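Letter by letter, the chains look like this.
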Amino acid sequence: MSTQALAGRRSGWLTFAAVVMFAVAGVRLISGIAFLADSAKVADVSQGLFGDDLFWWGLWDLGIAALALYAGWSLLQNKEFGRIAGYVWAIVVIIQSFLYINWAPWWAFGTIVLASLVIYGLAITADEER
């Protein structure tokens, strides 16, 4: 393989981080639609930020889905917004996972590992952006 072909390739770690952002967008899209449909299958959110008004929870999740989708696309284009959104997402997930570690230790450990891999992938590909 020539060096020109290698120079045009994107890092697998950067692609991994983008795929994680797309997965987050997909899950939040499904969750947002369930909230907007006033589904009986949603969690009890009555003590949350928006109270028991599922419409606002649905809009919140759809907003996060749009943000994650744009962040994944931005990462694939080697743009700065995707990197910043990826770092912020990973930090928030790690903090949230430490808060949940008493109730769901395996889930918390798995999400900490996933978020750490996203941070690692973004950090080692920082030189590729330029």
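As the structure is a computational prediction, the values presented were derived from the model and not from experiment. (Residues numbered from 1 in each chain as written. Predicted model: local features only at pLDDT ≥ 70, side-chain atom pairs only at ≥ 80, totals over all residues. Heavy atoms only, no water.)

Enquirer: Talk me through the overall build of the protein chain; I want residue IDs and the actual numbers.
Expert: What the protein chain contains, in helices and strands, is five helices and zero strands. Looking at the 130 residues of the protein chain, the share that counts as buried comes to 31%. (Helix = DSSP H or I, 4+ residues; strand = E, 2+ residues; numbered from the N terminus. Buried < 20%, exposed > 50% of the residue type's maximum accessible area, 1.4 Å probe, protein only.)

Enquirer: Tell me about the layout of surface pockets, and please be specific about residues and values.
Expert: Taken as a whole, the largest pocket encloses approximately 700 Å³ of empty space. Along its surface, the largest pocket is lined by 23 residues, and Val24, Arg28, Ile64, Trp89 and Val93 are the ones closest to its centre. For the lining of the largest pocket, the elements supplying multiple residues, two or more each, are α2 (12–36), α3 (54–76), α4 (80–100) and α5 (105–124). Take the lining of the largest pocket: its biggest share by element is nine residues, from α4. (1 Å grid on protein atoms, 1.4 Å probe; cavity = no way out; pocket = protein on both sides within 12 Å on 5 of 7 lines; lining within 4 Å. Points joined across faces, edges and corners; volume = space filled by probe spheres on them.)

Enquirer: Could you give an account of α4, naming the residues involved and the relevant values?
Expert: Taking 1.5 Å per residue as the helical rise, α4 with its 21 residues ought to reach 30 Å, and the 30 Å between its terminal C-alpha atoms agrees with that figure. Every buried residue belonging to α4 is among Gly82, Arg83, Ala85, Gly86, Trp89, Ala90, Val93, Ile94 and Ser97, and all of these are buried. Take α4 and look down its axis: the buried residues cluster within an arc of 165 degrees, on one side only. In α4, the exposed residues that point more than 90 degrees away from the buried face are Ile95, Phe98 and Leu99. (Expected span 1.5 Å × (residues − 1). Arc of directions from axis to C-beta.)

In short, geometric facts, not functional conclusions.
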